[in-house]
Amino acid sequence: MPIDNSQAFAAARPVAQHCAELVTRGPRPEERAEALAAWRRDLASVLARDLAQLLSGDRPKVSIGEPETLTGKEAFERIGPVAAYSLLRCGESQTTVLLSFDFATAIALTDRSFGGEGKPVEDIPEQLPRSATLLVEQFAVLTARAIGAAGDGEAGDATNASVSGDVIARSDSAARLKPFGPDTECAVLTVQISAGADLSWSALLALPADRLDILLPGTDRTCGQRQTLSPETAATKRPFARIPLTLEAVLAEIDLSLGRLGALKPGDEIPLAMPRTVPLKVGEEVFAHGTLGTFEDRMALRLTANPSPGVSS
């Protein structure tokens, strides 16, 4: 039977459509366990160092316990109905984390910061004194930045300006902050702070369990897809953000003949015409313009304009 070749046929098959859950691979259990252990260790190290400034120069020992999985209701019951709550915003992911102290711990730490022993008190007030409120706020800021530093792998430099972490709100009632719902599965970690053999204080960190991995360094790898970043966004992230660049402020440019250049000798004076605006250059490209001035007895440049990327003048 003759074959009709007047028409060409092509095999057809449906184009596979994969959901994000299929193409995204999280860390293996052993990878996650290793990342979590490193994060807890780094967070404890940063907190121990920074709390030394808060607790009269004494460097305490800090440990971060294994996360417990509780419902939001159980987490609030663990903390108690009234406590010093702070809602933190941590790291580049801006993940919110709840930090809590009971009033007795907040007052004891305040006593320690003023040079006292920091022993637990028996008479607990219904409202924290102003000094304890200020200490809780300082502790919350240090904790937020420490969590950001540990997540970015910057345990040695939590004070780096690139480390992200701040306090969104503070309250004596978790219901006002609403960090998570009562039925939300939460990860709760105990922060244990100790000074000496018989003196210790504790605080709690709590967040939705599905947000904990976002805080861990090196656990956001994906398979089959690659995130595309704009040049502006990529410039603010590692490793590009840590590339050192040399900037030059050009005060004046002059033209000299080769003969005049060869005749220069010590004591000669070359007049300079100072411009109203000074270009700031990265290599051959003008990055910005500014005006000259002083800052703390040093010459300084106040930026006045940034050119568009790739434009030089």
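Residues numbered from 1 in each chain as written. Predicted model: local features only at pLDDT ≥ 70, side-chain atom pairs only at ≥ 80, totals over all residues. Heavy atoms only, no water.

Engineer: Even after reading the chapter, I still don't get the environment of Leu 207, so can you show me in this structure?
Structural biologist: For Leu 207, the location among the structural elements is in strand β7 (residues 200-208). Along the chain, Leu 207 and Ala 75 lie 132 residues apart, while their C-alpha atoms are 9.6 Å from each other. Once residues lying within four places of it in the same chain are set aside, the contact partners of Leu 207 are Thr 95, Thr 96, Val 97, Phe 180, Cys 186, Ala 187, Leu 189, Leu 212 and Leu 215. (Helix = DSSP H or I, 4+ residues; strand = E, 2+ residues; numbered from the N terminus. Contact = heavy atoms within 4.5 Å.)

Engineer: What's the story with the packing of helix α2 (residues 29-54) against helix α5 (residues 130-151) in this structure? I'm lost.
Structural biologist: For any two helices packed against each other, the geometry is given by the interaxial angle and the distance between the axes. In the contact formed by α2 and α5, the axes pass within 9 Å of each other and the chain directions differ by 145 degrees. Seen along the crossing, α2 lies across α5 with a hand that is right-handed. Contacts from Trp 39, Asp 42, Leu 43, Val 46, Leu 47, Asp 50, Leu 51 and Leu 54 of α2 reach α5 at Leu 135, Gln 138, Phe 139, Leu 142, Thr 143, Ala 146, Ile 147, Ala 150 and Gly 151. (Axes fitted to C-alpha atoms, helices over the stretch in contact; angles between N-to-C directions. Left-handed = near helix turned anticlockwise from the far one by under 90°.)

Engineer: Can you help me understand the packing of helix α4 (residues 103-113) against α5 in this one?
Structural biologist: With their axes 9 Å apart at the nearest point, α4 and α5 run at an angle of 90 degrees to one another. On the basis of the axis angle, α4 is roughly perpendicular to α5. Across the interface between the two elements, Ala 106, Leu 109, Thr 110 and Ser 113 of α4 pack against Ser 131, Ala 132, Leu 135 and Val 136 of α5. Of the residues contributing to the contact of α4 with α5, the split by class is five nonpolar, three polar and no charged. (Parallel < 35°, antiparallel > 145°, perpendicular 65-115°, else oblique. Nonpolar A, V, L, I, M, F, W, Y, C, P; charged D, E, K, R; others polar.)

Engineer: Whenever I open this one, the side chain of Thr 110 confuses me. Can you help?
Structural biologist: By the element assignment, Thr 110 lies in helix α4. Residue Thr 110 is classed as buried on the basis of its relative accessible area of 5%. For Thr 110, the contacting residues outside a window of four places in its chain are Ser 131, Ala 132 and Leu 135. (Buried < 20%, exposed > 50% of the residue type's maximum accessible area, 1.4 Å probe, protein only.)

Engineer: I'm lost on the pattern of salt bridges in this one. Help?
Structural biologist: A side chain with one charge can pair with a side chain of the opposite charge if their charged atoms come near. Applying the stated criterion to the full structure yields nine salt bridges. Here Arg 40 and Glu 66 are joined by a salt bridge, their closest N and O atoms 3.2 Å apart. Here Arg 40, found in helix α2, pairs with Glu 66, found in the loop between β1 (61-64) and β2 (68-71); they are 26 residues apart in sequence, far enough to count as distant. In this structure, the salt-bridge partner of Lys 119 is Glu 117, at a minimum N-O distance of 3.2 Å. Within the structure, one salt-bridge network assembled from shared partners comprises Arg 260, Lys 265 and Asp 268. (Salt bridge = Lys/Arg side-chain N within 4 Å of Asp/Glu carboxyl O.)

Engineer: What exactly am I supposed to notice about the sheet that holds strand β9 (residues 278-282) here?
Structural biologist: The strands making up a sheet associate through hydrogen bonds between their backbones, and the pairing can be parallel or antiparallel. Spatially, the four strands line up as an open sheet ordered β8-β9-β10-β11, and their pairing is antiparallel. The strands lining the two open edges of the sheet, one partner per strand, are β8 (247-249) and β11 (298-305). Neighbour to neighbour, the strand axes of the sheet diverge by 40 degrees on average, direction disregarded. Here β8 runs beside β9; their pairing, made up of three bridges, is antiparallel. (Pairing = 2+ DSSP bridges.)

Engineer: Any chance you could explain a nonpolar patch on the surface here in plain terms?
Structural biologist: Nonpolar side chains collect at one region of the surface, where Leu 251, Ile 254, Leu 256, Leu 258, Leu 261, Leu 264, Ile 270, Leu 272, Met 274, Leu 292 and Met 299 lie side by side and expose about 1000 Å² of accessible area between them. For Leu 256, the position within the fold is in the loop between β8 and α9 (258-262). Accessibility expressed as a relative area gives 37% for Leu 256, which makes it partly exposed. (Patch = residues over 30% accessible without salt bridge, like charges linked within 9 Å, V, L, I, M, F, W, Y side chains within 5 Å. Areas by Shrake-Rupley, 256 points an atom, 1.4 Å probe, with all protein chains shown as cover.)

Engineer: Just to check I follow, could you spell out the environment of Arg 40 for this structure?
Structural biologist: With a relative accessible area of 17%, Arg 40 lands in the buried category. Remark: the alpha-carbon pair of Arg 40 and Ile 64, spanning 24 residues in sequence, is separated by 5.6 Å.

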